[in-house]
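The primary structure of each chain is shown beneath.
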Amino acid sequence: MPARQSWIISPTYDALFLIGSAFWVGGAFLIAQALGCAHGLAIFVLYVMATGHHLPGFLRIYTDPELFRQYRWRFLFFPPFIVGLAIVLAAFDLHVLTIVTFIWGLWHGMMQVYGFARIYDAKQGEISPLTARLDWSLCVSWFLLLSFGSTFFADDFRTRTADAGTSYIAELLLSPVLLGMLISAAVTISLVHIAYSLWAWWCGRRISILKFLLLGSSIGLFCVSYRLLAHDKLVGLATWEAFHDIQYYAIVWAYNRRSSERRQLSAVGRMMFQSRPLHVVLYLALIALYGGLDFGSRTFLDSATGETLRPVLVASAFLHFYFDGFIWKIRRVNVRRDLNIEAHPAVSVPPHGIKKDTNEAHVQLGFGDLLKQVALISFPIVVLLGLEVDRATWERPASEFAVTLFPNSTETHRNLARLYERDRVWDYAVREYQRAVELDPKSWRAQFGLGVALVQVGQLPSARQCFLAALEADSASVDVDFNLAMLDWQTQQYKESLRLLRSADAKFPGNPRVLTTLATFLTTCPERNLRDPRAALEFGERALMFADQSHQPEVLDAIAAAYALQGEFKSATAAIEKGITIAQKQHNARRVQALTRMLSLYQNALKQ
């Protein structure tokens, strides 16, 4: 029997990329935060690395002829089916695929850590079903606890379920009762896992130390990113995402390189996965190029192209999660061999326990398997789609029922208030927001929501007090500063409105709405001594850098007004004409009409 190897790739690569990357990724973000560039790094991770890490899995599929033969029907049918479904759902503004992908993403991240843990144990010959079940339970309990207990995960979950008309599901899952149960489960399972591992070690079984280092570093980083960095959503999420992506880049490269050495890959795969620096650079460049589609759709492409591409990228994430669920089965002989676990005759994966050593690649899954997979995937999508389409019937009654179940939950009252707000039942919205504030006066979201509702019923002084209370709660949302500034503008407190807008720009640099409003304020403020066309131009140019295509005509309108205020009507005309061109491409007739009127005014002034 060959000697056992404790590592998956090699001691150095495991330390750098599978286990130790948790430390240097966290360190990189801490340094970036100290240097003031953490947001830029986070955007690169979330909009390039995250989408880019789908590509290695696709390369694994389409360069392995044996794997492709086994799952031919799945690999040929599901990509066009899911892409087409994503485009159709986006066209009708339905969010079911997005919410399924969001939830599946959490599961996918957890299963990657669990899979590495099981590989480390398998390399030591530890294939007990009980060990596997405990590892699985440990990962599930901690990942659910840290996710559901995280501010920004909860916010994202609430936002996405609200878009899909199933916000009551989020309130039930994020309830204090469930959170308490998760805390108890995580602590209990951890103690049982430690006791069992010590007992197994005492009995002379080979428990992998590397597994515990992996679990500790992964759960530790997840805790840091989802809890300690929860005040900065982008940075917190990107810290974990970078760790997850780097692990995946490394394992796919190592696995495919070994497959290539055994000539198991196609000619394209053998050419790409070679042990040369140039090929590593090519591999990373392709990942960056694929990930760049996401960044480009949000930044450089026009709004129509970006809106078309984004559902395709949602489909890409869905397919990545789906394919990864079965292409890495370590019961397959070839998978175990290329992970250097060929010495061990079986590997257990809960809840199924140990299976015989069979080469599943010899089993060609046919059309019947495809129909089963379609049914399995379609069921949750159809159920959630039905709930979203019929949201007018279910959403408010279900949220009212959630309030009945959890009458002392700030979030259930706030969610119901948001639904009343959406339906413009402002008196009921005020009542529910007030109840949420009573339960948690320090909840800036409840204070902010109450302020918005009070503005609608004409109670402006009370609304201002709510916005101020939200600011005192140290909110991390630009909406509070912005709405307070707009309220002061509405009540003719122009100096205070300008101060708040400048404060919002300092706290949230690069926000196009704040920058555009500043540019507009400094050219149209009724108090002429507060007007400053030069500063307005600076804010407008900055807004143009960050605004997407759909908002650029509004920014150009503000820039044109600043030029006109300085008497530079030629520049004002050029800016307006550019805005009209963009608005015409977007088929925004109302915006075109408004800009055309301004163009006429500037052209007349230019002739005089």
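What counts and what doesn't
Residues numbered from 1 in each chain as written. Predicted model: local features only at pLDDT ≥ 70, side-chain atom pairs only at ≥ 80, totals over all residues. Heavy atoms only, no water. Salt bridge = Lys/Arg side-chain N within 4 Å of Asp/Glu carboxyl O. Helix = DSSP H or I, 4+ residues; strand = E, 2+ residues; numbered from the N terminus. Buried < 20%, exposed > 50% of the residue type's maximum accessible area, 1.4 Å probe, protein only. 1 Å grid on protein atoms, 1.4 Å probe; cavity = no way out; pocket = protein on both sides within 12 Å on 5 of 7 lines; lining within 4 Å. Points joined across faces, edges and corners; volume = space filled by probe spheres on them. Nonpolar A, V, L, I, M, F, W, Y, C, P; charged D, E, K, R; others polar. Phe/Tyr/Trp six-rings, centres within 6.5 Å; stacked < 30°, edge-to-face > 60°. Lys NZ or Arg CZ within 6 Å of the ring centre and 35° of its normal. Axes fitted to C-alpha atoms, helices over the stretch in contact; angles between N-to-C directions. Parallel < 35°, antiparallel > 145°, perpendicular 65-115°, else oblique. Left-handed = near helix turned anticlockwise from the far one by under 90°. Contact = heavy atoms within 4.5 Å. pLDDT = per-residue confidence, 0-100. Disulfide = S-S within 2.5 Å. Polar contact = N/O pair within 3.5 Å; in protein donor to acceptor, adjacent residues only side chain to side chain. Expected span 1.5 Å × (residues − 1).

Novice: What is the right way to look at the pattern of salt bridges in this model?
Specialist: Side-chain pairs of opposite charge can arise where the charged atoms are in close proximity. Under the definition given, this model contains 25 salt bridges. A salt bridge links Arg-205 to Glu-126; the nearest nitrogen and oxygen atoms lie 2.9 Å apart. On the criterion of sequence distance, the pair formed by Arg-205 in the loop between α11 (176-202) and α12 (209-228) and Glu-126 in the loop between α7 (96-123) and α8 (129-148) is long-range, its members being 79 residues apart. A relative accessible area of 25% means that Arg-205 is categorised as partly exposed. We classify Glu-126 as buried; its relative accessible area is 5%. Two residues, Asp-135 and Lys-211, come together in a salt bridge whose shortest N-O distance is 3.1 Å.

Novice: What exactly am I supposed to notice about empty space enclosed by the protein here?
Specialist: Gaps between atoms show up when a probe of the same size as a water molecule is rolled over them. Under the defined criterion, the tally for this structure stands at 1 cavity of 30 Å³ or more. The volume enclosed by the largest cavity comes to roughly 40 Å³. Surrounding the largest cavity, Asp-64, Glu-66, Tyr-255, Ser-259, Gln-264, Arg-332, Asn-334 and Asp-338 form its lining. Here the lining of the largest cavity is built from residues that sort into 1 nonpolar, 3 polar and 4 charged.

Novice: When you look at the packing of aromatic side chains in this model, what are you seeing that I'm missing?
Specialist: The description of two aromatic rings rests on the distance between their centres and on the angle between their planes. Considering all chains together, one arrives at 41 aromatic pairs under this definition. Aromatic pair Tyr-62 and Phe-68: ring centres 5.8 Å apart, planes at 50°, arrangement tilted. With relative accessibility at 40%, the residue Tyr-62 sits in the partly exposed group. Considering the side-chain rings of Phe-68 and Phe-75, the 5.8 Å spacing of their centres and the 25° angle between planes classify their relative orientation as stacked. Among the aromatic side chains, those forming a connected cluster through ring pairs are Phe-58, Tyr-62, Phe-68, Tyr-71, Phe-75, Phe-77, Phe-78, Phe-81, Tyr-290, Tyr-322, Phe-323 and Phe-326. We note Arg-60 situated over the ring of Trp-328; from NZ or CZ to the ring centre the distance is 4.7 Å. The aromatic ring of Phe-326 is capped on one face by Arg-74, whose charged end is 4.5 Å from the ring centroid.

Novice: Can you walk me through the environment of Gln-465 in this structure?
Specialist: Within the element layout of this structure, Gln-465 appears in helix α23 (residues 460-472). Judged by its relative accessible area of 53%, Gln-465 is exposed. Separated by 18 residues in the primary sequence, Gln-465 and Gln-447 have C-alpha atoms spaced 8.9 Å apart.

Novice: Explanation requested: the packing of helix α24 (residues 478-490) against helix α26 (residues 512-524) in the structure shown.
Specialist: Helix-helix packing is characterised by the crossing angle of the two axes and by the distance between the axes. Packing of α24 against α26 leaves a shortest axis separation of 11 Å and a crossing angle of 20°. With respect to their mutual orientation, α24 and α26 come out roughly parallel. As α24 runs across α26, the sense of the crossing is left-handed. Residues Val-478, Asp-479, Phe-482, Met-486 and Trp-489 of α24 lie in contact with α26, whose contacting residues are Arg-513, Val-514, Thr-517, Thr-520, Phe-521 and Thr-524. Its residues assigned to classes, the contact of α24 with α26 shows 6 nonpolar, 3 polar and 2 charged.

Novice: Would you explain the confidence of the model for the protein in this entry?
Specialist: Regions with low pLDDT should not have their predicted coordinates read in detail. Residue-level pLDDT values for the protein average 86, and 93% of them are 70 or greater. No element of the protein has a lower mean pLDDT than helix α17 (residues 333-338), at 76, and none a higher one than helix α21 (residues 426-439), at 94. Predicted confidence is poor over residues 343-358, with pLDDT under 50, and the contacts of this stretch with residues over four places away or in other chains come to 47 contacts.

Novice: Help me understand the packing of helix α28 (residues 552-565) against helix α29 (residues 569-585) in this model?
Specialist: For the pair α28 and α29, the least separation of the axes is 8 Å and the interaxial angle reads 170°. When the interaxial angle is binned, α28 and α29 end up roughly antiparallel. Contacts from Gln-552, Pro-553, Leu-556, Asp-557, Ile-559, Ala-560, Tyr-563 and Ala-564 in α28 reach Phe-569, Ser-571, Ala-572, Ala-575, Ile-576, Lys-578, Gly-579, Ile-582 and Ala-583 in α29. Each residue belonging to the contact of α28 with α29 can be placed in one class, and the counts come to 12 nonpolar, 3 polar and 2 charged.

Novice: Please clarify how the state of the cysteines should be interpreted in this entry.
Specialist: Working definition of a disulfide: a covalent bond connecting the sulfur atoms of two cysteines. Tallied over the full model, the rule gives 0 disulfides. With no disulfide of its own, Cys-223 lies closest to Cys-139 among cysteine sulfurs, the gap being 15 Å.

Novice: What's the story with the side chain of Asn-415 in this structure? I'm lost.
Specialist: Mapped onto the elements, Asn-415 comes out in helix α20 (residues 410-422). A polar atom in the side chain of Asn-415 sits 3.2 Å from the side chain of Ser-399. Those residues within four positions of Asn-415 in sequence are excluded, and the remaining contacts are Ser-167, Tyr-168, Glu-171 and Ser-399.

Novice: Whenever I open this one, α7 confuses me. Can you help?
Specialist: Because an α-helix packs 3.6 residues into every turn, residues spaced three or four apart end up facing the same way. Along its 28 residues, α7 runs 40 Å from first to last C-alpha, staying within 8% of the 40 Å computed at 1.5 Å per residue. Within α7, 21 of the 28 residues are buried, which leaves the element mostly enclosed by the surrounding structure. Of the residues trailing α7, Gly-125 is marked for its positive phi of about 85°.

Novice: Is there a simple way to explain unusual backbone geometry in this structure?
Specialist: Residues apart from glycine generally show negative phi values, whereas peptide bonds are mostly found in trans. For Asp-93, which is not a glycine, the phi torsion comes out positive at approximately 55°. Take Asp-93: it is sitting in the loop between α6 (72-91) and α7. Judged by relative accessible area, which is 53%, Asp-93 ranks as exposed.

Novice: It is not clear to me how the side chain of Lys-211 should be interpreted in this structure. Could you clarify?
Specialist: Along the chain, the position of Lys-211 falls in helix α12. Judged by its relative accessible area of 1%, Lys-211 falls in the buried class. Among the polar contacts listed, one links the side chain of Lys-211 to the side chain of Asp-121, at a separation of 2.8 Å. Among the polar contacts made by the side chain of Lys-211, one reaches the side chain of Asp-135 at a distance of 3.1 Å. Apart from the residues lying within four places of it in its own chain, the contact partners of Lys-211 are Ala-117, Tyr-120, Asp-121, Thr-131, Asp-135 and His-193.

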